[in-house]
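# Survey of secondary and tertiary structure
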Amino acid sequence: MMRALPPLLVIAGPAGSGKSSIAASVASPLGAAVVGLDDGGFADQHGVDLIALQHRLDEVQDAPMLVVEGVFAMALLPIRWAARWTVYVDTPPDIAIARRALEAEDPRSVLRGYLEYGRDGFARFVANGRQLADLVVDGTQPVDAVADRIVQFVTAASPGRPPAPRPGRE
């Protein structure tokens, strides 16, 4: 039997765009639980472990709201279709890859992965999330400023009204 999810905010964008930090900053004022897709190391959305994702969603099913964040969050149709709000963190690829490389123990593996499959994967499965999003935020801005913009956007939405249909939801 399919369970109903609490209201769902989806945050997508390239690896290194700041999604995890933004999701954590958004969660507290909204009283939301955060579920990360753990999808940054894959070439496309097919690498996401959907069973593990379901277990993480089950663990927070009683939360009043969920924030799901991940590189392929908008590429996974069940997640995108279930979303009440979608946000794309627009960060230039050079900044995103530099952030990822600086966090890595060995930045060469991050750079090599980006050159071998990251650029193509971004173009094919991530970048189009920008057009599908309800809100596009600037990933070069401070995390707190971006989080405040998202909280304002979510709280401005009328709670009793379903979201308007968006392109790509059919």
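Check the entry above for the structure.
Here the structure is a predicted model, which is why all the values come from computation and not from measurement. (Residues numbered from 1 in each chain as written. Predicted model: local features only at pLDDT ≥ 70, side-chain atom pairs only at ≥ 80, totals over all residues. Heavy atoms only, no water.)

This brings us to the nonpolar core. Among the nonpolar cores identified, the biggest contains 23 residues, and Val10, Val68 and Met74 are the most heavily contacted of them. For this core, the secondary structure elements donating two or more residues are strand 1 (8–12), strand 2 (33–36), helix 2 (50–59) and strand 3 (66–70). Per-element accounting of this core gives the leading share, three residues, to strand 1. Aside from chain neighbours lying at most four places away, what touches valine 68 is Leu8, Leu9, Val10, Ile11, Val35, Leu37, Leu57 and Ile79. Leu9, Ala23, Val137 and Ala147 belong to the second-largest nonpolar core, a separate cluster that totals 20 residues. (Core = buried A, V, L, I, M, F, W, Y, C linked by side-chain atoms within 4.5 Å. Buried < 20%, exposed > 50% of the residue type's maximum accessible area, 1.4 Å probe, protein only. Helix = DSSP H or I, 4+ residues; strand = E, 2+ residues; numbered from the N terminus. Contact = heavy atoms within 4.5 Å.)

Let's shift gears to the packing of helix 1 (residues 19–30) against helix 7 (residues 143–156). In the contact formed by helix 1 and helix 7, the axes pass within 9 Å of each other and the chain directions differ by 45°. When the axes of helix 1 and helix 7 are compared, the pair comes out oblique. The crossing of helix 1 and helix 7 is right-handed. Residues Ser21, Ile22, Ser25, Val26, Pro29 and Leu30 of helix 1 pack against Val143, Asp144, Val146, Ala147, Ile150, Val151, Val154 and Thr155 of helix 7. Partitioned by chemical class, the residues of the contact of helix 1 with helix 7 number ten nonpolar, three polar and one charged. (Axes fitted to C-alpha atoms, helices over the stretch in contact; angles between N-to-C directions. Parallel < 35°, antiparallel > 145°, perpendicular 65-115°, else oblique. Left-handed = near helix turned anticlockwise from the far one by under 90°. Nonpolar A, V, L, I, M, F, W, Y, C, P; charged D, E, K, R; others polar.)

By themselves, these are just geometric observations and shouldn't be taken as functional.
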